[in-house]
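Residue-level listing of the chains:
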There are 2 protein chains.
Amino acid sequence: AGKSDHHSAERCVDFPVSVVLPAGGTGERTGLQTPKQFCTFLGRPLISYTIQAFESMPWIQSIVVAVAKENMDLMTDIIQRFKHRKVRAVPGGSTRHRSICNGVLALGEEERPAVGRPKVVIIHDAVRPFVEEDFLCKIAMAAKEQGAAGAIRPLVSTVIATTSEGYLDHSLERAKYRASEMPQGFTYDVISQAYQRCSESDFEFGTECLHLALQYCGTNAKLIEGPPTLWKVTYKRDLAAAESIIKETLSRSACVITGGLAEAVNLADALRKAVGALDMELDIVPDLMGDNARCLLKEWNFIQVSVSHSCLSEVEAILVALEAENRALLHPVVVIWVHFSRTDELPVSERAPTAITELASTAKHRNILIYGIQLKQSKHWERSASRVAEIASALIRERSPALVGQLLQA
Amino acid sequence: AGKSDHHSAERCVDFPVSVVLPAGGTGERTGLQTPKQFCTFLGRPLISYTIQAFESMPWIQSIVVAVAKENMDLMTDIIQRFKHRKVRAVPGGSTRHRSICNGVLALGEEERPAVGRPKVVIIHDAVRPFVEEDFLCKIAMAAKEQGAAGAIRPLVSTVIATTSEGYLDHSLERAKYRASEMPQGFTYDVISQAYQRCSESDFEFGTECLHLALQYCGTNAKLIEGPPTLWKVTYKRDLAAAESIIKETLSRSACVITGGLAEAVNLADALRKAVGALDMELDIVPDLMGDNARCLLKEWNFIQVSVSHSCLSEVEAILVALEAENRALLHPVVVIWVHFSRTDELPVSERAPTAITELASTAKHRNILIYGIQLKQSKHWERSASRVAEIASALIRERSPALVGQLLQA
Ligand SMILES: [Mg+2]
Ligand SMILES: [Mg+2]
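Residues numbered from 1 in each chain as written. Chains lettered and ligands numbered in written order. Predicted model: local features only at pLDDT ≥ 70, side-chain atom pairs only at ≥ 80, totals over all residues. Heavy atoms only, no water.

**Student:** Could you give an account of the relation of the copies chain B and chain A, naming the residues involved and the relevant values?
**Tutor:** Rotating chain B by 180° about the axis while translating it 0.0 Å along that axis superimposes it on chain A, leaving an RMSD of 0.1 Å. Such a turn and shift between the copies fits a two-fold axis. Taking C-alpha positions as the reference, the residue of chain B nearest the rotation axis is Ala-241 of chain B, at 2.4 Å. The overlap is high: 100% of the interface residues of chain B also sit at the interface in chain A, so the same surface is used on both sides. (Least-squares fit on C-alpha atoms with pLDDT ≥ 70 in both. Contact = heavy atoms within 4.5 Å.)

**Student:** Explain the interface of chain B and chain A to me, and be specific about the residues and the numbers.
**Tutor:** Chain B puts 63 residues into the contact, and the matching count from chain A is 63 residues. A per-residue breakdown of the area chain B buries against chain A is headed by Tyr-167, Leu-168 and Arg-237 of chain B, which together make up 13% of the total. At the boundary of chain B and chain A, one finds four salt bridges. Of the charged contacts in the structure, one is a salt bridge between Glu-390 of chain B and Lys-364 of chain A, with a shortest N-O distance of 3.7 Å. Counting the contacts that link chain B with chain A gives 26 residue pairs in polar contact (both at pLDDT 80 or more). It is helix α9 (residues 236–250) of chain B that provides the largest number of residues to the side of chain B that touches chain A, a total of seven residues. (Buried area = accessible area lost by both parts, 1.4 Å probe. Salt bridge = Lys/Arg side-chain N within 4 Å of Asp/Glu carboxyl O. Polar contact = N/O pair within 3.5 Å; in protein donor to acceptor, adjacent residues only side chain to side chain. Helix = DSSP H or I, 4+ residues; strand = E, 2+ residues; numbered from the N terminus.)

**Student:** Now, about the pattern of salt bridges: what can you tell me, with residues and values included?
**Tutor:** Counted under the stated rule, the structure contains 26 salt bridges over all chains. For Arg-98 of chain B, the salt bridge identified is with Glu-204 of chain B, shortest N-O distance 2.8 Å. Highlighted residues: Arg-98 of chain B in helix α4 (residues 96–107) and Glu-204 of chain B in helix α7 (residues 200–205), separated in sequence by 106 residues. For Arg-387 of chain B, the salt bridge is made with Glu-390 of chain B, and the minimal N-O distance between the two is 3.0 Å. Residue Arg-387 of chain B and its partner Glu-390 of chain B are both found in helix α14 (residues 381–398); the two are separated by three residues, about one turn of the helix. In this structure Glu-390 of chain B comes out as partly exposed when scored by relative accessible area, which is 27%. Salt bridges here are not isolated pairs; linked through shared partners, they connect Arg-96, Asp-125, Arg-128 and Glu-181 of chain A. (Buried < 20%, exposed > 50% of the residue type's maximum accessible area, 1.4 Å probe, protein only.)

**Student:** I'd love a proper account of the pairing of strand β4 (residues 60–67) of chain A, names of residues and values included.
**Tutor:** Residue and element names in this part refer to chain A. Of all eight residues making up β4, eight are buried, and the element is well covered by its neighbours. Direction of pairing for strand β1 (residues 17–22) relative to β4: parallel, over a ladder of six bridges. Bridge assignment links Val-20 to a residue of β4, and that residue is Val-64. Bridge count between β4 and strand β5 (residues 87–91): five bridges; the pairing is parallel. Each residue of the ladder has a partner; that of Val-65, found in β5, is Ala-89. For the segment spanning β4, helix α3 (residues 72–81) and β5, crossover handedness is right-handed. (Pairing = 2+ DSSP bridges. Right-handed = clockwise from strand over helix to strand, strands pointing away.)

**Student:** So what's going on with the sheet that holds strand β15 (residues 333–341) of chain A? Residues and values would help.
**Tutor:** Sheets are built from strands that pair by backbone hydrogen bonding, the pairs being arranged parallel or antiparallel. All names here are of chain A. Pairing within the open sheet is parallel, and its six strands lie in the order β13-β12-β14-β15-β16-β17. Looking along the sheet, the strands with just one partner apiece sit at the ends: β13 (281–285) and β17 (407–409). Across the sheet, the axes of successive neighbouring strands diverge by a mean angle of 25°, strand direction being ignored. Where strand β12 (residues 253–257) and β13 come together, five bridges link them in parallel fashion. Bridging across to β13, Cys-255 finds its partner in Asp-283. On the sheet, helix α12 (residues 311–325) packs against β12, β14 (301–306), β15 and β16 (368–376) and is oriented at approximately 160° with respect to β15. (Axes fitted to C-alpha atoms, helices over the stretch in contact; angles between N-to-C directions.)

Structure follows, in structure tokens:
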């Protein structure tokens, strides 16, 4: 979400909003040992992506994560490692409702003086990382007005009732029903009353907060159709889908640094044309000084075009700048060194192929992935330029740690 | 599914079974222009994967695909290109039920004399490519016994009823309901009678065959819980999940060809240990002659270890053998040339790096992806071997066409 989204959301949501993330699940449906919320994508646990989505919205004041006791240390480590600022971890309960209830209670006992009791509490799943700001804003507004609001989606399959012997009893008319999804929003008063009034049986067997609000507070939730991106990472295949969405988001654009030399600028222009056909945008700059430093704050991919010999020093300068910004904290950053060699020049592979290997090996520990591509200046260099674009685009999309330090030929 | 599955299934299913695949959908939910069933994965349309799954089961006698008129040429082309043998395409109708009905009618008018009218008709979705033989067998058996049978799955979300104003009316008790999925099976008599008796309104607005069998033939379908792999490719994220499952299936094992030389065999053994940690199995053979030719029929990945100079000729021999078997018809085959150079030997990159590039460029048109990896025989070669394993494993998993012909350094 861009800056302008934040601004319009802040204009609407002028009341305090906090978030509760129940994350006590054991992930049995993925068929993996690690609970889904702690599975890593490009080196970072899923729950950190979800936290970051909320943290990036200025109108969210605080986030409480309810985790199982045995994962408390892990969660604390995640909060520290990825420098999450608005988050507190509290012990989860033995069921979903007990975990959410613990989270809501914790919101009533905020320790930071600047953060008051929220007007609205958003409940979300740790395993739905792609929550969008404008939709969340709608839920928060509707919750404030109606007391409760929830995301719904159309049913993908027909829902049927079965007999006790395992035969078809009847099928439901699909148009009349919806799937209840997350996020859901409640005024603090409604959700905390619902949990004060509900029964042990609700705590033990229930899962649906909207139902508690209706039964114990008489609040009929406003239902709002959400985007398909709200889906819940449930099965093993969902892990692949989530990784693919994350990688696609990181691969939409790259910054090309030319040094200002004419040959490099020509090559950068040819690359821009070629990657455009591959749905990637290039921001071409001579260097990362002054205004161009904006690239360091927004790009996840850098292509350094070198026509000189002292080329890896330029890549080293990018690394220093990325480190200074702590840019690779949340996602691996790709840096591709494109060596556009003069015809009279020896190819790098005959001189020092190990320099890039060593640099890449160090950078990898800092979450920066370095690759090299060589092409020769010749009559046919434009054909090679489209090969460079194809290779660079594949490297950026795949973000493969196994291939760092390789010097590829265009 | 392996050979033994086929045998046990054939023992159970001793009656003729045919399949109808309604594939008239327009794919609007993926947000893509191409209907989902025609989206390509590693160069092959999704529907061809689904067809292949059924075609590989010997007890399935024929498959009818119902496609929209505007896609009939495309479908015919797919059938020819991927050499599908049991399939016929018929025109779909304007709704799902009309398409399925056309498919069932076509089964009554089989032209091949050896293929009779089926006892059981399986209805499946073209966009559920991962149907498993043992589950399909259960559906076919239950359909024969009960007249109708269908796959069900637990509900992932709570299902709720909404008021006309968009508020929560009530939520369903999740345990009592199931999602109705595909495949479904019917005796030919039940499904054809159901379509003869049902109304125009059913044809126009209905979607659920189980419901027609109940209403018009009094047949309560047997419901059987299916595996999560039955899921339907519906949204854009499902395309990524499907591709990931296909790639994973192709990456479980590789065949290493050593030529029998001691150095090569040692390297192969070190590779086996290293890729084992990456969840890949290696079948190590000296060559692809005699019994070892079995690898050509079952492996999707080949690693040629060369310690001699005339190394690419060995890769060329693999290509010839793969071509002879038409091995790369259904999936891209990966061939990795690992050059294990003697210390006194010049690295290949200083002699003929273009030879592998040219060979790879030709092979790519035949759906064979060639990559090269170099390592030097030295005291530290075992460390390099684990790098070779890491790189080879990444190349095999990613199957990137952009990186073919590259000579990587371990
Ligand atoms: Mg709930
Ligand atoms: Mg149906």
